[in-house]
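# Analysis of the macromolecular model
Each chain, letter by letter, is given below.
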Amino acid sequence: MKTVGLRSIVLYILLFAFLGGVGWLVLNLFIRGSQWAAQPYNAHIYVDGSLGDIEDRDGNVLAHTENGQRTYSESETTRRALLHTVGDTKGFISTSIQYTLQDKLTGYNPIFGLNRTVFSDLGSTVKLTLDSGACTAAYNAMEGHNGGAIFYNYKTGDILCKVSAPGYDPMNVPENIDSDPEYKGAYLDNTLSGAFTPGSTFKLVTSLAAMEKWPDTWTELYYDCYESEEIGGSNITCLGYHGEQDMQTALGNSCNLYFAKLANEIGAEDLQKTAEKLGFNKSLDFSSIEIAESECKLSGANPNQLGWAGVGQHTVLVNPYHMMTVMGAIANGGTYVQPRLTEDGGLFGGGSATGGSLMTAAQANNLKAMMRDTVSGYYGDWLFPEGLNVCAKTGTGEVSETQEPNCWMVGFCDNDSYPIAFAVLVEESNNSLGAAGGVVSAVLKELIY
């Protein structure tokens, strides 16, 4: 009897293990079935031509299956510019449309798989909100530099331009792509998965923190700049000798000493608190994609470190997608619209759905006025197409002594006909206005003309 009982226990254990395994397999089939079915070695998809097209907002075909081969835009530059958005045939770019929307492109159904039935079809077309011409213009304007550029309509949420570099031509993949330093990071979409030293663009966050702390008197904050000054035992330097300034003038001059002193007056805790209200130190989601975290962690920072953090240095990091949504919030009176990449919403955004309130309407209007003055009074409206009322801030993020800095421009058009917000990063350049500003200008011209 003991032997029979022991055998029964063993059989029950095996039965439960078998059922558990079957359950796990079924669960993974529903969760990952579309990914398994869409692997590049599945000839059924490519030979039968059942992988759907990807089009831009104007109907230009960006990816298509023909004669068993996945083909992309006729223009090599356009293929490179849209690589990280459209994706590659081998599925190495996990944030791309071809990877994240495999089930829609293949017509995959968890019940019928890739079989055509009265309940399911194969090869659905995905139409993007992107303008491929604007993406090509951004790629050309980056002039071979690495970085990222992302623009969206802050009223509708449509992402109009999204470009990342380095990249490659998906129809002529380099044989040495995994060993050549030139292609390091080629599978990474910098606009979604990268975080970079923001430089002076972070002065907008420091300005907002001052408005939070002194809502009635922030315009009365004056500090002196004599080009270099010891703060916290070490010097903080500025690019010029600006004398006494208020916040608006200091933003136009991009004065490091003003904002370093302001950051110390605000305090590490309050500056970090304001940054976190804007979405720093937390993971943002873009549909199924987790956006790289923007960081502002100031606990334990000494006065010198806090001063450098206030001007966008120290350990502060920013993600371009995140910064674009912050610009959209400023343009929209404090509330941003959730970005989307496909015209039907799908898995990429909720159309005009509100993403959340980041600041008060008064604070947004104050920042808008300061950014507009910075462009009209310091950068020059000549840089952009006429009549757009661009509000912007440049930034130069120092990376290391052996590398040229990151060059940024973030901002938006205060124009009801062209409600466009943007964040542009050009790595290892030395002129934020010329490099990042040049990308902004090229994209805006393509979008409005």
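Higher on the page you've got the structure.
Please read these numbers as outputs of a predicted model, since none were measured by experiment.

## Things to note about the sheet that holds strand E5 (residues 147-153)
- The sheet built from 5 strands is open, its strands ordered E6-E5-E17-E16-E15 with antiparallel pairing. Both edges of this open sheet fall to strand E6 (159-165) and strand E15 (390-397), since each of them pairs with a single strand only. Between one strand and the next, the sheet's axes are offset by a mean angle of 5°, whatever the strand orientation.
- Where E5 and E6 come together, 6 bridges link them in antiparallel fashion. Note that in E6 the partner of Ala-149 across the bridge is Val-163.
- Where helix H14 (residues 320-331) meets the sheet, it contacts E5, strand E16 (406-413) and strand E17 (420-426), and its direction lies at approximately 145° from that of E17.

## Let's talk about H14
- The first and last C-alpha atoms of H14 sit 16 Å apart over 12 residues, in line with the 16 Å expected at 1.5 Å per residue.
- Burial within H14 is extensive, with 12 of its 12 residues counted as buried.
- For H14, the full list of buried residues reads Pro-320, Tyr-321, His-322, Met-323, Met-324, Thr-325, Val-326, Met-327, Gly-328, Ala-329, Ile-330 and Ala-331.
- Directly beyond the C-terminal end of H14, a positive phi value near 80° is found at Gly-333.

## As for the pairing of strand E2 (residues 61-66)
- Pairing of strand E1 (residues 54-55) with E2 involves 2 bridges; the strand directions are antiparallel. Along E2, the bridge assignment pairs Glu-55 with Val-61.
- Counting the residues in the hairpin turn of E1 and E2 gives 5 residues, including Gly-59, whose phi is positive at 90°.
- Summarising the sheet, E2 and strand E3 (residues 69-72) pair through 4 bridges and their orientation is antiparallel. Paired with Thr-65 across the strands is Arg-70, a residue of E3.
- In sequence, E2 turns back onto E3 through a hairpin of 2 residues, with Asn-67 there showing a positive phi of about 55°.

Rules used in this analysis
- Residues numbered from 1 in each chain as written.
- Predicted model: local features only at pLDDT ≥ 70, side-chain atom pairs only at ≥ 80, totals over all residues.
- Heavy atoms only, no water.
- Pairing = 2+ DSSP bridges.
- Helix = DSSP H or I, 4+ residues; strand = E, 2+ residues; numbered from the N terminus.
- Axes fitted to C-alpha atoms, helices over the stretch in contact; angles between N-to-C directions.
- Contact = heavy atoms within 4.5 Å.
- Expected span 1.5 Å × (residues − 1).
- Buried < 20%, exposed > 50% of the residue type's maximum accessible area, 1.4 Å probe, protein only.

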